[in-house]
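Structure assessment
Chain by chain, the residues:
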Number of protein chains: 2
Amino acid sequence: MAINYPNGKKFIPSKEKPVAKKKKDFSFSNRGKTLEDELNETNDYYLQRGLAVIHKKPVPVQIVKVEYPSRSAAVIREAYFRAPSTTDYNGVWNGKYIDFEAKETENKTSFPLKNIHDHQIHHMAQVVKQKGVAFMIIRFSSLERYFIIRFEDLEVFWNRMITGGRKSIALDELEATAIEVKPGAFPRLDYLPILQNL
Amino acid sequence: MAINYPNGKKFIPSKEKPVAKKKKDFSFSNRGKTLEDELNETNDYYLQRGLAVIHKKPVPVQIVKVEYPSRSAAVIREAYFRAPSTTDYNGVWNGKYIDFEAKETENKTSFPLKNIHDHQIHHMAQVVKQKGVAFMIIRFSSLERYFIIRFEDLEVFWNRMITGGRKSIALDELEATAIEVKPGAFPRLDYLPILQNL
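Rules used throughout
- Residues numbered from 1 in each chain as written.
- Chains lettered and ligands numbered in written order.
- Predicted model: local features only at pLDDT ≥ 70, side-chain atom pairs only at ≥ 80, totals over all residues.
- Heavy atoms only, no water.
- UniProt positions renumbered as here; feature names shortened; annotations may be inferred.
- Contact = heavy atoms within 4.5 Å.
- Buried area = accessible area lost by both parts, 1.4 Å probe.
- Polar contact = N/O pair within 3.5 Å; in protein donor to acceptor, adjacent residues only side chain to side chain.
- Helix = DSSP H or I, 4+ residues; strand = E, 2+ residues; numbered from the N terminus.
- Nonpolar A, V, L, I, M, F, W, Y, C, P; charged D, E, K, R; others polar.
- Pairing = 2+ DSSP bridges.
- 1 Å grid on protein atoms, 1.4 Å probe; cavity = no way out; pocket = protein on both sides within 12 Å on 5 of 7 lines; lining within 4 Å.
- Points joined across faces, edges and corners; volume = space filled by probe spheres on them.

An unreviewed UniProt entry annotates chain A as Holliday junction resolvase RecU of Planococcus massiliensis. Turning to chain A, the UniProt annotation filed under Function (unreviewed entry) states: "Endonuclease that resolves Holliday junction intermediates in genetic recombination. Cleaves mobile four-strand junctions by introducing symmetrical nicks in paired strands. Promotes annealing of linear ssDNA with homologous dsDNA. Required for DNA repair, homologous recombination and chromosome segregation." In the Catalytic activity (unreviewed entry) part of its UniProt record, chain A is described as follows: "Endonucleolytic cleavage at a junction such as a reciprocal single-stranded crossover between two homologous DNA duplexes (Holliday junction)."

Dropping the structure here:
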């Protein structure tokens, strides 16, 4: 499957990626970096400078079996990935509640909506109802292009799909409705300035 | 140890509690309910009525080994609890960013500050700097009493400790500085009205 979910799902078939992702090794070369890595670096940058407090939520797991070896840390011996009930990132920036989901695709011409779960759409709708700022960051990995789409605009494409329309957002539709983020060195994805305009 | 941390630490010695907690069985009797259960019920209540969008963050785990049995879900075979870098609960309520930690103690006369981690204090300070609302909910389990203490007040007791003062907050000090939440049936811990006064 071409898409990496920055949530529990990312662990499914690939054996390499999850291990790579679990290592918190933030080199500044972008080779093989996941969108999650890029966002974690950016959020660390914001945190260290007191610009915003935004964190990725831990991957939700259902813990079934835990062992307690004497004199050492508890070891989880059986657990399963749960579907997250919210988006992956949230926090506060200058009094505003910030909430977003991050998705990447290898696709070159459109973003497949199947990567978004109903409950994530539902969650973002609830956030907006509470006057929070909700959006999605989409990375077109093979194009090295990044877009921020407000939930209000994403919802239009989502509703088009559920009412029988196309199951993806065309790249040119994103160019027209979303804001493109130009990746930089440090921070990698400087998305805060864009939120001013959302 | 008398204290249940609503974070990863809760899994350490007790073999019973974590299993009980992992089962999302929200009966409305309060027998043996943890503070986490009570808060999850309350947050579900708020969510269902569109009053607030506040979730507990998943327990952060460091995943070391994942198996992929053919035709079934990935199984985590080795993982460890990580110390959370933030508080356990956050979300949005009427445009405000809400962030809190929940702790319970069996102690009857004071709340031991050793249950709070530096990084949680540091996180709450950052949240307040970003104009978020940060506080702690303390349950005195054996007294069935609950207090909400603003981070700004908690910090005073924390600083008293790190400058060599007492290592706990006396119950009467909480009565004087915190706001008591009277537990109810539904929702169990109706804390939103209190935030108006924070």
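For the rest of this paragraph, the subject is the interface of chain B and chain A. Contacts between the two partners involve 45 residues from chain B and, on the opposite side, 46 residues from chain A. With both sides pooled, the region where chain B packs onto chain A buries about 4000 Å², and carbon together with sulfur makes up 60% of that total. Interface area lost by chain B to chain A is led by Tyr68, Ile76 and Gln130 of chain B, which between them contribute 17%. On the surface where chain B and chain A come into contact, there are 13 residue pairs in polar contact (both at pLDDT 80 or more). If you tally residues by element for the side of chain B that touches chain A, the top one is strand β3 (residues 75-81) of chain B, at seven residues. Its residues assigned to classes, the side of chain B that touches chain A comprises 24 nonpolar, 14 polar and seven charged. Alignment of strand β3 (residues 75-81) of chain A against β3 of chain B, held across four bridges, turns out to be antiparallel. For valine 75 of chain A, the partnering residue across the bridge sits in β3 of chain B and is tyrosine 80 of chain B.

What follows concerns the UniProt feature "site: Transition state stabilizer" (unreviewed entry) in chain A. Here, UniProt's "site: Transition state stabilizer" (unreviewed entry) annotation points to Lys103 of chain A. Tracing the backbone shows lysine 103 of chain A in strand β5 (residues 96-105).

Empty space left among the atoms is revealed by rolling a probe the size of a water molecule over them. Residue and element names in this part refer to chain B. Under the definition given, this model contains one cavity of 30 Å³ or more. Roughly 30 Å³ of volume is contained in the largest cavity. Around the largest cavity, the lining residues are Leu39, Ile137, Tyr146, Ile148, Val181, Leu189 and Tyr191. Classifying every residue of the lining of the largest cavity gives seven nonpolar, no polar and no charged.

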